[in-house]
Amino acid sequence: MLGKLLKYDLKYMIKNMCVFYILSIFFSITTRILFEVEQSVIINIIGQISVGCMFAMLANILINTMMRSWIRFRDSIYKDESYLTHTLPVTKNDIYNSKLIQTFIFFFIGFIVILISLFIAYYSKENWQAITNYVKNITIGLNMNTLFFVTMFLIVVFLEIFNAIQCGFYGIILGNKKNNGKIGYSVLFGFILYLVSQSIVLLLMFIYGLFDSSVMGLFQTATVSIDANAFKVLLVLASLLYVIIIYCMSILCKRTLNKGVNVE
């Protein structure tokens, strides 16, 4: 039954997100074309408009993935659609898992579309060389493998934003237990949960630093020089902590849901 729930959640997201994917690719192509043709004042103006539209679509992909995930979560569990959802022969765990998997899928797709759009708009041997040289300068300074640095950086960013989305889910669950001001309480609880989760990550890193002087040095020094091994450990540790927090919070969300839902 989880598969059927996920199918409907995916259909909802596809319907709402496809336009942003298509437009981001479209404007990345027009940007590339306009930058390639002979420049004039008009072409330059149109090109800058195209660039602005492309970046607006890229921002909308991230923002709308988050917003639509929260709206879908709220509507299917607490609004009119919930009357159908809660009559289905599924557990609340399945309902929550469907929303979480759907969010992960579209958040991942959004990341890929953003990278493809930027690649289409700006790829050239010169630009690629400039980017790789810039990243290599950072990684050489840190004495770190370039692929490892880029991969771990993207993973940490991905997990941090995904954690923020799930904090929003938990905020919605807690906010809808209130009799009044549910939206306000949902936003407030979600924000507080995000701050708490970030604080936990920093606290656990600090505690780890008590046993690893190189990591503790990152908390104690303000100098530009960074211990390479400590930075590697920090990236891996942050990733693991986010995974653990996301997993633990999903358990808390499902337990709270199973205690009962107040349908509007």
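Refer to the structure above for everything that follows.
Overview of the structure. In this convention, every chain numbers its residues from 1, walking through the sequence in written order. With pLDDT at 70 or above as the cut-off, local features in this predicted model cover only qualifying residues; side-chain atom pairs require 80 or more to be listed or tallied, and sums for whole chains, interfaces and linings still use all residues. Hydrogen atoms and water are omitted, and side-chain values are computed over all heavy atoms in the structure.

### As for helix α2 (residues 41-78)
Phase 1 of the analysis: The helix count covers DSSP runs of H or I at least four residues long, the strand count covers runs of E at least two residues long, and both are numbered beginning at the N terminus. In this analysis, the expected span of each helix is defined as 1.5 Å times one less than the number of residues it contains. Its 38 residues place the ends of α2 53 Å apart at the C-alpha level, agreeing with the 56 Å of an ideal helix rising 1.5 Å per residue.
Phase 2 of the analysis: Note that the bend at a residue is defined as the angle between axes fitted to the seven residues ending at it and the seven residues starting at it. I63 marks where α2 bends most, by close to 25 degrees.

### A few points about the nonpolar core
Phase 1 of the analysis: By nonpolar core we mean a set of buried residues, namely Ala, Val, Leu, Ile, Met, Phe, Trp, Tyr and Cys, connected to one another through side-chain atoms within 4.5 Å. Buried residues are those whose accessible area, probed at 1.4 Å on protein chains only, stays under 20% of the maximum for their type, while exposed residues exceed 50% and partly exposed ones sit between those limits. In terms of nonpolar packing, the biggest core is built from 43 residues, with F73, Y78, Y96, I173, M205 and L235 touching the most fellow members.
Phase 2 of the analysis: Looking at this core, the elements that each hand over two or more residues are α2, α4 (92-122), α6 (146-175), α7 (182-209) and α9 (228-258).
Phase 3 of the analysis: Throughout, a contact is declared for two residues whenever any of their heavy atoms are within 4.5 Å. In contact with I173, not counting residues within four places along its chain, are F73, Y78, Y96, C253, T256 and L257.
Phase 4 of the analysis: M17, F20, Y21 and V113 belong to the second-largest nonpolar core, a separate cluster that totals 14 residues.

### With respect to the packing of aromatic side chains
Phase 1 of the analysis: Stacked, edge-to-face and tilted labels apply to pairs of Phe, Tyr and Trp rings (six-membered ring for Trp) whose centres lie within 6.5 Å, assigned for plane angles under 30 degrees, over 60, and everything in between, in that order. Counted under the stated rule, the structure contains 14 aromatic pairs.
Phase 2 of the analysis: Taken together, a centroid distance of 6.1 Å and an interplanar angle of 80 degrees make the contact between Y96 and F169 edge-to-face. Taken together, the residues Y96 in helix α4 and F169 in helix α6 connect sequence positions 73 residues apart. Both residues of the pair, Y96 and F169, belong to the buried class.
Phase 3 of the analysis: For the ring pair F104 and F158, a centre distance of 5.5 Å and an interplane angle of 80 degrees mean the geometry is edge-to-face. Within this pair, whereas F104 is found in helix α4, its partner F158 is found in helix α6, the two being separated by 54 residues in sequence.
Phase 4 of the analysis: Residue class for F104 comes out partly exposed when judged on its relative accessible area of 40%.

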